[in-house]
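# Structure at a glance
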Amino acid sequence: MFTAVEIRGSGYHNRTLVGSNLIEQVGNHARKHPSGKTCAIVTDTHVGPLFARRVKRSLTLAGFKPIVITIPAGEKSKTLKQAGAICAKMIAAGLDRQSFVIGLGGGVIGDVSGFVAAIYHRGIPHVQVPTTLLAMVDSSIGGKTGVNTADGKNLLGAVHHPSLVIDDVDVLKTLPRRDFNQGFAEIIKHAIIADTKMFKQLQSWKARSPRRPLALQKLIRRNIEIKSNIVAKDERDQTGERALLNFGHTVGHAIERAGNYRKFLHGEALSLGIVAACAVSIKRAGLPPRQRDAVIDVLRRFDLPTCLPKNFPRNKIVSAVKFDKKFQSGKIRFVVTPKIGTAYLSNEVTLDDIREAVSKL
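Report follows, based on the coordinates. These numbers were taken from a predicted model, which means no experiment stands behind them.

### With respect to the overall build of the protein chain
In terms of regular secondary structure, the protein chain is built from 13 helices and 13 strands. At 20 Å, the protein chain has a C-alpha radius of gyration in line with the 21 Å of a compact globule built from 361 residues. Counting only C-alpha atoms, the protein chain reaches 60 × 40 × 40 Å along its principal axes. Looking at the protein chain as a whole, 57% of its 361 residues qualify as buried. Residue pairs in contact within the protein chain that sit at least 24 positions apart in sequence constitute 75% of those at least 6 positions apart.

### Observations concerning the nonpolar core
The tendency in soluble globular proteins is for nonpolar side chains to be buried side by side. Of all hydrophobic cores here, the largest spans 94 residues; its most connected members are Leu59, Ile220 and Ile255. For this core, the element with the highest residue contribution is helix 10 (residues 266-284), accounting for nine residues. In this structure Ile220 touches Val18, Leu133, Met136, Val137, Asp167, Val169 and Leu172, once residues within four positions along its chain are discounted. Of all hydrophobic cores here, the second largest spans 19 residues; its members include Ile71, Ala83, Val116 and Val147.

### A word on the packing of helix 9 (residues 249-258) against helix 10
The contact between helix 9 and helix 10 brings their axes to 7 Å, and the two run at 135 degrees. One element, helix 9, and the other, helix 10, form an angle in the oblique class. Where helix 9 crosses over helix 10, the two elements pack in a sense that is right-handed. Facing His249, Val251, Gly252, His253, Ile255 and Glu256 of helix 9, the residues of helix 10 in contact are His266, Ala269, Leu270, Leu272, Gly273 and Ala276. Class assignment of the residues belonging to the contact of helix 9 with helix 10 gives a composition of six nonpolar, five polar and one charged.

### A few points about the pairing of strand 3 (residues 38-44)
With six of seven residues buried, strand 3 lies mostly within the body of the structure. Bridge count for strand 3 against strand 4 (residues 65-71) is seven bridges, and the pairing is parallel. Across the sheet, Asp44 pairs through a bridge with Ile71, a residue of strand 4. Sheet topology places strand 3 next to strand 5 (residues 100-105); four bridges connect them, and they run parallel. What sits directly across from Val42, in strand 5, is Gly103.

### Overview of the sheet that holds strand 2 (residues 12-19)
Strand order in the open sheet formed by seven strands is 1-2-9-6-5-3-4, and the pairing between neighbours is mixed. Both outer strands of the open sheet, strand 1 (2-9) and strand 4, are each paired with one neighbouring strand and no more. Sheet twist, expressed as the mean angle between neighbouring strand axes with direction ignored, is 15 degrees. In this sheet, strand 2 lies alongside strand 1 in antiparallel orientation, the contact comprising eight bridges. By the bridge assignment, Phe2 is partnered in strand 2 with Gly19. Strands in contact with helix 2 (residues 48-61) are strand 3, strand 4 and strand 5; relative to strand 3, the strand with the most contacts, it is inclined by about 170 degrees.

### Quick notes on the pairing of strand 2
Strand 2 sits mainly inside the fold: six of its eight residues count as buried. Counted between consecutive antiparallel strands, the loop separating strand 1 from strand 2 contains two residues, among which Gly11 sits at a positive phi close to 85 degrees. Where strand 2 meets strand 9 (residues 164-168), five bridges bridge the pair, whose relative direction is parallel. The residue bridging Gly19 from the neighbouring strand is Asp168, located in strand 9.

### Notes on the environment of Gly63
Mapped onto the elements, Gly63 comes out in the loop between helix 2 and strand 4. The partly exposed category is assigned to Gly63, whose relative accessible area is 37%.

### Regarding the packing of helix 9 against helix 12 (residues 314-321)
Interaxial distance between helix 9 and helix 12 falls to 8 Å at its minimum, and their mutual angle equals 120 degrees. Taken together, helix 9 and helix 12 sit at an angle that is classed as oblique. Along this stretch, helix 9 crosses helix 12, giving a crossing that reads as right-handed. The residues of helix 12 that touch helix 9, namely those facing Thr250, Val251, Ala254, Ile255, Arg257 and Ala258, are Lys316, Ile317, Ala320 and Val321. A per-class count over the contact of helix 9 with helix 12 returns seven nonpolar, one polar and two charged.

### A word on a nonpolar patch on the surface
Together, Leu80, Leu155 and Leu156 give the surface a local cluster of nonpolar side chains, amounting to about 240 Å² of exposed area. Inspection of the secondary structure puts Leu80 in helix 3 (residues 80-92).

### Some points on the pattern of salt bridges
Under the definition given, this model contains 18 salt bridges. Put simply, Glu225 and Arg221 hold a salt bridge, and the shortest N to O gap is 3.2 Å. In this pair, Glu225 and Arg221 are both assigned in helix 8 (residues 213-233), four residues apart and thus about one turn of the helix distant. What you see here is one network of salt bridges that share partners, running through Lys283, Arg284, Asp353, Glu356 and Lys360.

Calculation criteria
Residues numbered from 1 in each chain as written. Predicted model: local features only at pLDDT ≥ 70, side-chain atom pairs only at ≥ 80, totals over all residues. Heavy atoms only, no water. Helix = DSSP H or I, 4+ residues; strand = E, 2+ residues; numbered from the N terminus. Rg over C-alpha atoms; globule rule 2.2 N^0.38 Å. Buried < 20%, exposed > 50% of the residue type's maximum accessible area, 1.4 Å probe, protein only. Contact = heavy atoms within 4.5 Å. Core = buried A, V, L, I, M, F, W, Y, C linked by side-chain atoms within 4.5 Å. Axes fitted to C-alpha atoms, helices over the stretch in contact; angles between N-to-C directions. Parallel < 35°, antiparallel > 145°, perpendicular 65-115°, else oblique. Left-handed = near helix turned anticlockwise from the far one by under 90°. Nonpolar A, V, L, I, M, F, W, Y, C, P; charged D, E, K, R; others polar. Pairing = 2+ DSSP bridges. Patch = residues over 30% accessible without salt bridge, like charges linked within 9 Å, V, L, I, M, F, W, Y side chains within 5 Å. Areas by Shrake-Rupley, 256 points an atom, 1.4 Å probe, with all protein chains shown as cover. Salt bridge = Lys/Arg side-chain N within 4 Å of Asp/Glu carboxyl O.

Keep in mind that these numbers describe shape and distance, not what the molecule does.
Structure (structure tokens):
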């Protein structure tokens with residue numbers, strides 16, 4: 001049982017399937033999309049042992065000839081070197097321009113496999129099978145792919161929309177609680193920038209209850225709609241509309257970099273970035289402090305961090321902000337919210353504003 005979300009934009013059209021027991025049906029659904037018979041399943045050392053065999057079997061039964069490429073789990077695999085190694089294995093296996101790539105894993109795998117699909121033979125189809133809540137509601141939508149450099153996250157990449165996304169809510173049962181909860185940082189972000197009603201629902205969400213498939217299915221679908229609608233208005237991040245999705249990310253990415261990508265998960269760093277963005281929004285956009293407090297309460301409901309450890313190098317955060325892709329001509333574009341449910345891009349935020357917000361974390 002699944003629902004399909006049709007995603008359309010300028011020059012692209014794809015589907016996201018959301019439901020249960022979809023892992024066993026990857027082959028059948030992939031067969032409905034134009035592609036060749038050979039494909040690479042790109043996964044990692046955490047996800048591969050859980051799901052790669054089932055996905056490969058499903059593809060084989062559907063008439064495909066899949067190979068499995070497994071890379072080390074974690075942000076450290078998001079490199080140009082790793083992408084090159086994946087391409088080398090695909091070349092050795094005889095994959096050509098009629099082949100396609102399946103990304104089986106979380107956000108890192110989605111970004112790397114999507115980047116490989118974008119550059120292999122100048123672009124081949126990409127199918128995403130996200131295995132984390134974070135990837136289902138965020139990174140699998142919008143077509144952004146990329147790898148990191150020593151100077152920052154996602155500085156090398158391409159916009160390459162997936163042909164198909166398959167969100168099987170059953171796989172979320174395998175996630176440790178910390179990994180599951182980090183996905184709610186992106187959900188809360190979407191609520192802050194675009195959906196007051198969803199924010200109110202999150203305020204009453206029973207965070208410690210079982211992971212109810214139907215409730216999750218509806219929540220995931222709503223977040224796909226929010227993000228895809230924003231992306232459709234500004235696919236290549238040129239008008240500022242898509243930049244709204246970066247609420248909390250300017251400081252969040254800087255926190256990740258300051259912690260050498262080891263201290264916090266992405267969603268946890270984003271949670272802290274959201275708190276900082278709310279502090280800046282109070283000063284620059286007139287956000288009522290009580291709404292900032294409501295945001296903090298919801299983040300805590302999902303055990304997401306709202307304060308930095310006392311010994312965390314805060315000075316490194318401000319330095320890392322300067323490497324953010326949202327800097328243009330030396331000026332930062334910072335997303336602020338005047339009230340929950342809406343946001344806009346401001347050019348008035350200064351590094352001192354950010355430094356002040358970080359000092360309070």
